[in-house]
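Descriptive structure summary
Listed below are the residues making up each chain.
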Amino acid sequence: MSIQFDKLPTSKPNQNATINPGRYLVKITKAEMVERKEASAYLRVTFTTKDKEVFSENFFEDTKPFLLYKISRLLLATGVVLEGEGSLKDIGKLIINKKVIVDVDVNDKGYANLDFNDKKEGIYKLDEVVVGEVDAEAEETPALDEDVNEAIASDDDEF
């Protein structure tokens, strides 16, 4: 394969960012173990928004406190309670099709990740935070009773 030097990009491509930074209601659509030659395997969790925007986050078996915290947040958000010992593969089997809320950040290379910056926790259970106006489902306003409509109309003259 050869490089066509006159066709090299002059600006940084936005490689993976089909999603903008923000808070989203998502469904976990895939959880798969990824094998690596030089280190232990990790769990890649794929999240899909209602608008079919997709991004993945990796979870590692490691003794580093932050990596363990990410796993803790994933379990809390999905409502999966485990005791004793287990593996990421065990978690992957239990979280498929779970709905959670996520904070998304897009890095300078265009890849979306869970956002743990500042006071954000990356991933939340459904009742833990408000999704926000960006991804909120529209709520139906209940229709008023006919008697209530008439009472409102008759009181309007007093204003």
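Residues numbered from 1 in each chain as written. Predicted model: local features only at pLDDT ≥ 70, side-chain atom pairs only at ≥ 80, totals over all residues. Heavy atoms only, no water.

**Digging into the overall build of the protein**
- Each helix and strand counted, the protein has three helices and six strands in total.
- Tracing the protein from N to C terminus, the helices and strands come up as β-β-β-α-α-β-β-β-α.
- Of all 159 residues assigned to the protein, the portion counted as buried reaches 28%.
- Of the contacts formed within the protein by residues at least 6 apart in sequence, a portion of 53% connects residues at least 24 apart. (Helix = DSSP H or I, 4+ residues; strand = E, 2+ residues; numbered from the N terminus. Buried < 20%, exposed > 50% of the residue type's maximum accessible area, 1.4 Å probe, protein only. Contact = heavy atoms within 4.5 Å.)

**Comments concerning the pairing of strand β4 (residues 99–106)**
- Both strand β1 (residues 22–34) and β4 contribute to a ladder of six bridges, which runs antiparallel. Looking at the pairing, R23 lines up with D103 of β4.
- When β4 meets strand β6 (residues 123–124), the two strands line up antiparallel, connected through two bridges. Of the residues in β6, the one forming a bridge with V102 is I123.
- Connecting β4 to the antiparallel partner strand β5 (residues 112–114) that follows it, the hairpin turn spans five residues, and G110 within it adopts a positive phi of roughly 95 degrees. (Pairing = 2+ DSSP bridges.)

**Notes on the pairing of strand β3 (residues 54–60)**
- The two faces of β3 differ: F55, E57 and F59 on one face are buried, but V54, S56, N58 and F60 on the other face are not.
- Summarising the sheet, strand β2 (residues 42–49) and β3 pair through seven bridges and their orientation is antiparallel. Each bridged residue has a counterpart across the sheet, and for Y42 the counterpart in β3 is F60.
- As consecutive antiparallel partners, β2 and β3 are separated by four residues, and within that stretch K52 has a phi angle of approximately 65 degrees, a positive value.

**Some points on the packing of aromatic side chains**
- All told, the structure shown has four aromatic pairs when counted by the stated rule.
- Here the aromatic rings of Y42 and F60 are separated by 5.0 Å at their centres, their planes lie at 40 degrees, and the arrangement is tilted. Here the residue Y42 occupies a position in strand β2, and F60 occupies one in strand β3, the gap between them amounting to 18 residues.
- By relative accessible area, which is 21% here, F60 ends up partly exposed.
- Look at Y69 and F116: their rings are 6.4 Å apart centre to centre, the planes differ by 65 degrees, and that puts the pair in the edge-to-face class. Placement of Y69 in helix α1 (residues 65–78) and of F116 in the loop between β5 and β6 is noted, with a sequence separation of 47 residues between them.
- On the basis of relative accessibility, which here comes to 30%, the residue Y69 falls in the partly exposed class. (Phe/Tyr/Trp six-rings, centres within 6.5 Å; stacked < 30°, edge-to-face > 60°.)

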